Amino acid sequence: MDASWYVLLALLLGFGLGSLSVHLLGVAAQRGRQVMAIASEPIPDGIAAMVDVLESAGVVLDGSNQVLLSSPGAVTLDLVDGRALRSHDILEAVRRVWRTGREEVLDLVHRRGRIGAGTELHLRVRVAPLGNRFMLVLAADRTEELRLAGVRRDFVANVSHELKTPIGAVAVLAEAIEAAADDPDRVRAFAQRMQVESDRLGRMTKELIDLSRIQADDPLDQPERVGITDVVDVAVDRTRVLADAKRMRVVTRVLEDAEVLGSAELITMAVQNLVANAVQYSPEATHVGIGVRVVDGVVEIAVTDKGVGIAPEDRERVFERFYRVDPARSRVTGGTGLGLSIVKHVAVSHGGEVTLWSRPGQGSTFTLRLPVAETPAREETA
């Protein structure tokens, strides 16, 4: 963004400040856009067209700080109100640049909207003079960039915290085994616990790698046709040992088979995570149900458990990385808090979604919804 802005500024200054004027709305109409021009102040030829193609928001002011020209981006960010700038911080920067003649760059928080609290945007604003009579204001919305940076920081912090627990437990258990070298029963008990923590660490590492791969790859770049019945069969088979250990039955009911486009491996992983999650958080000797149906061109894979249910305040957060409704229970069951996050990313990357119905004391139903693949046209035979 910085380099392109300097190129633009050089071009704008190169137009000079001659007596040529442009009817700005006419320039905008030629491009099919909506650059807004106010008043008839002479403006260097071509500035309207240049501001019109800016990806960032652009505003041109006259010597009295009145808005002469604003781009569609400036309107979208709600930077102008008629002929005035809405932001006091930007206006103060404009006044300073008039006095010093030097460009300024500032980061600020701008509230878009006139009703209620509005939407908080993080903007990077550049203010520079255009000759002696005009001022150019450029604003880039950095809200999403900063949000993603925050997500990355939180992710690294969460990973560090989550890995610290099993690694620390393994270290403590190793010391305990060394101290109990003369007691075979205690050594055996500590070794078994070390194996549990090691398995949990291995699962977490694998799921982190899976999540990273899902986010990096687009399964629709080179998709394959995936049969949902086969996906469900494989997912159930992979969780059979876990279900048998809790004396649970996994019951499937496929009302209508369907194919979707994408990655069979990723979709199977998502369904497997839903089934494993349902088994882990359901009481022993109960059952988990899997239903498949097609509704309006969307295949729905619903996994229903008989668990304790999820409170309303937790339902929006269960798909976040490492979020666990009951951390203490998760440690007992070996949960990592990544399974549902993987399901969500698989759904989104395949153009679908995952929804949740739950009621405390009655269990939960997670539904993976994916668009059905169009039926290929039959080749005509001679």
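What this report covers is the structure whose coordinates are included nearby. Nothing here was measured: the structure is a model prediction, and the numbers come from that model.

About the criteria used
- Residues numbered from 1 in each chain as written.
- Predicted model: local features only at pLDDT ≥ 70, side-chain atom pairs only at ≥ 80, totals over all residues.
- Heavy atoms only, no water.
- Pairing = 2+ DSSP bridges.
- Helix = DSSP H or I, 4+ residues; strand = E, 2+ residues; numbered from the N terminus.
- Axes fitted to C-alpha atoms, helices over the stretch in contact; angles between N-to-C directions.
- Salt bridge = Lys/Arg side-chain N within 4 Å of Asp/Glu carboxyl O.
- Buried < 20%, exposed > 50% of the residue type's maximum accessible area, 1.4 Å probe, protein only.

Before going further, it helps to spend a moment on the sheet that holds strand 15 (residues 363-371). Read across the sheet, five strands follow the order 10-12-13-15-14 without closing on themselves; strand pairing throughout is mixed. Strands with a single pairing partner mark the edges of an open sheet, and in this sheet they are strand 10 (249-254) and strand 14 (353-359). Pairwise comparison of adjacent strand axes, ignoring direction, gives a mean angle of 15° for this sheet. Note that strand 12 (residues 287-295) and strand 13 (residues 298-304) share seven bridges and pair antiparallel. The partner of Val292 across the bridge, within strand 13, is Ile301.

Attention now goes to the pattern of salt bridges. Under the defined criterion, the tally for this structure stands at 16 salt bridges. Here Arg95 and Glu92 are joined by a salt bridge, their closest N and O atoms 2.7 Å apart. Taken as a pair, Arg95 and Glu92 lie in helix 5 (residues 88-100) at a separation of three residues, close to a single helical turn. Look at Arg95 and you get partly exposed, because its relative accessible area is 36%. Overall, the relative accessible area of 26% leaves Glu92 in the partly exposed class.

Looking now at helix 13 (residues 339-349). Taking burial as the measure, the 11 residues of helix 13 include eight buried ones, the bulk of the element. Within helix 13 the residues assigned to the buried category are Gly339, Leu340, Ser341, Ile342, Val343, Val346, Ala347 and Ser349. Within two residues after helix 13, Gly351 carries a phi angle of roughly 75°, on the positive side.

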